Structures are given as structure tokens and as C-alpha cells.
Amino acid sequence: MQEQISAAAAEKRKRGRPAIDVSMTSCLNGTHRTHVNALYMYEGVSIISEAASEIPDHELLWFSDERTQTAGGKQGILEQLGRMRLQDGYGFDSCVAIAELAACALKQKYTSREIENAIRRIRMTANREWENPEDDLLTQQAKQAVLDLRLMTIVPKYR
């Protein structure tokens, strides 16, 4: 009986998130989730900082001024970019391409929440497609999610 319980426990699936070392953000107040979200945001900042020359209007996503010692950015978008890199395992170039689309969408007057949701849709549909590559519906949904973000860069939002 004990062996069956041990075997079941070994097969028990964890949540789809990898274990994250949050020692870098442990100086922040808050819960473990706050630390993890900050870590993802810092990774997004790192992506933007490294690829600043490749992303037109990158200052819409993240800016820092050493002279006045100020910094700011679109935290939700940066967090989604960090999640793409750390949690989902996207390559650096893919993250830069999505960041470039996000900056263009911001320029077209879309809100950071709308862009954050579009990036999340891309991540979620791509993850489902990777799990079931033979499912044509999931493939179409993943393509549509990317197309939706691309359309935000072309069609200005009218308020």
C-alpha cells in the first residue's frame, strides 16, 4: 500500500511553473509571488537593455536616467517578456521580436494592459500548441494570437 502511495506521489504532476530562485529579489517586501513577478520583470528589463539598439522606441517599454536617478517602464509587458524567457524558454531573439511589436503597439496608443494580454495569449496558445503539435486548431490559435499583436502595430487605436 505504501509503495502505491509513493508511486502515485512520484507521478503527481506539479503546476506548470518551474522552480524559480528568488534570492535576487528577496530584499523586496511581499510574498513569494511578488518576488517571482519582480524577477520576471527584471528579466524583461534585461532583454530591453541588451537589445535597445534593435528595438525602435524601446524607451516606451523601459527607460532609465542616471542623471536624475529615475527609471520606469511598462511593468506588465516587461513581466510577460521575462516569463517568455525564463518560464517558457523562448529564445532571446523571439523575446526581442515580441518586445519590438509591443513598442510599436504602444506607439499606436494601445494600453499596456491590452498589449500584456496579447503577449500572454501568445505564450499560452504557443504552450498548448507545443504540447499537442498535431492539433491544427491549436496551431491556428497560436498563429492568430501573434497576428493579433501584429495588427496592434499597424492599426491605430481610436478612442
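As a convention, each chain's residues are numbered from 1 in the sequence order in which they are written. Selection of residues for local features in this predicted model requires a pLDDT of at least 70, selection of side-chain atom pairs for listing and counting requires 80 or more, and totals for whole chains, interfaces and linings are taken over all residues. Computation of side-chain values covers all heavy atoms of the structure but excludes hydrogens and water.

1. A short note on the overall build of the chain
(1) Moving on: A run of H or I in DSSP becomes a helix once it reaches four residues, and a run of E becomes a strand once it reaches two; helices and strands are each numbered from the N terminus. Helix and strand counts for the chain come out as 6 helices and 2 strands.
(2) Moving on: When its helices and strands are written in sequence order, the chain yields α-α-β-β-α-α-α-α.
(3) Moving on: The buried label goes to any residue with under 20% of its type's maximum accessible area, the exposed label to any with over 50%, and the partly exposed label to all in between, with areas taken from a 1.4 Å probe on protein chains only. Residues counted as buried form 35% of the 159 residues belonging to the chain.
(4) Moving on: In what follows, residue pairs with any heavy atoms lying within 4.5 Å of each other are defined as contacts. Summarising the internal contacts of the chain: among those between residues at least 6 apart in sequence, 60% fall at separations of at least 24.
(5) Moving on: About 10300 Å² of surface is accessible on the chain, with carbon and sulfur atoms providing 51% of the total. The accessible surface values rely on the Shrake-Rupley method and a 1.4 Å probe; as for residues, cover is taken only from the protein chains in view.

2. Section: the environment of Val36
(1) Moving on: With respect to the element layout, Val36 can be found in helix α2 (residues 32–50).
(2) Moving on: Using a relative accessible area of 12% as the deciding quantity, one classes Val36 as buried.

3. So, the packing of helix α5 (residues 112–131) against helix α6 (residues 136–154)
How two helices sit against one another is set out by the angle between their axes and by the gap between those axes.
(1) Moving on: Between N-to-C directions, angles span 0 to 180 degrees; the directions come from axes that are lines fitted to C-alpha atoms, helices contributing only their stretch in contact. Look at α5 against α6: their axes get within 8 Å of each other, and the N-to-C directions meet at 160 degrees. The orientation of α5 relative to α6 falls into the category roughly antiparallel. Viewed along their axes, α5 and α6 form a crossing whose handedness is left-handed. Across from Glu114, Ile115, Ala118, Ile119, Arg121, Ile122, Thr125, Ala126, Arg128 and Glu129 in α5, the residues of α6 making contact are Leu138, Thr139, Gln141, Ala142, Ala145, Val146, Asp148, Leu149 and Met152.
(2) Moving on: When its residues are assigned to classes, the contact of α5 with α6 shows 11 nonpolar, 3 polar and 5 charged. By the definition adopted for this analysis, an angle is roughly parallel if under 35 degrees, roughly antiparallel if over 145, roughly perpendicular if from 65 to 115, and oblique otherwise. Whether a crossing is left-handed or right-handed is set by the direction in which the near helix is turned from the far one by less than a right angle, anticlockwise for left-handed and clockwise for right-handed. In this count, Pro and Cys sit with the nonpolar residues alongside Ala, Val, Leu, Ile, Met, Phe, Trp and Tyr, while Asp, Glu, Lys and Arg are called charged and the others, Gly among them, polar.

4. Things to note about a nonpolar patch on the surface
(1) Moving on: The patches described consist of residues with a relative accessible area above 30% and no salt bridge, like charges being joined within 9 Å and nonpolar side chains (Val, Leu, Ile, Met, Phe, Trp, Tyr) within 5 Å. A pairing counts as a salt bridge when a side-chain nitrogen of Lys or Arg comes within 4 Å of a carboxyl oxygen of Asp or Glu. A surface patch of nonpolar side chains, amounting to about 350 Å² of accessible area, comprises Leu147, Leu151, Ile154 and Val155.
(2) Moving on: Position of Leu151 among the secondary structure elements: in helix α6.

5. Overview of the environment of Gln87
(1) Moving on: For Gln87, the location among the structural elements is in the loop between α3 (75–86) and α4 (92–107).
(2) Moving on: Residue Gln87 is classed as buried on the basis of its relative accessible area, which comes to 17%.
(3) Moving on: Remark: the alpha-carbon pair of Gln87 and Tyr40, spanning 47 residues in sequence, is separated by 8.6 Å.
(4) Moving on: A polar contact is formed between the side chain of Gln87 and the side chain of Tyr40, at a distance of 3.0 Å.
(5) Moving on: In protein, a polar contact means a hydrogen-donor-capable atom and an acceptor-capable atom, both N or O and within 3.5 Å, with residues adjacent in sequence counting only if both atoms are side-chain atoms; elsewhere, any N or O pair within 3.5 Å suffices. At 2.9 Å, the side chain of Gln87 forms a polar contact with the side chain of Arg83.

6. Examining the nonpolar core
(1) Moving on: Put simply, buried Ala, Val, Leu, Ile, Met, Phe, Trp, Tyr and Cys residues joined by side-chain atoms within 4.5 Å make one nonpolar core. Grouped together as the largest cluster of nonpolar side chains are 30 residues, with contacts concentrated most on Leu61, Ile77, Ile98, Ile115, Ile119 and Leu149.
(2) Moving on: At the level of secondary structure, the elements contributing two or more residues to this core comprise α2, α3, α4, α5 and α6.
(3) Moving on: No other element matches the 9 residues that α4 contributes to this core.

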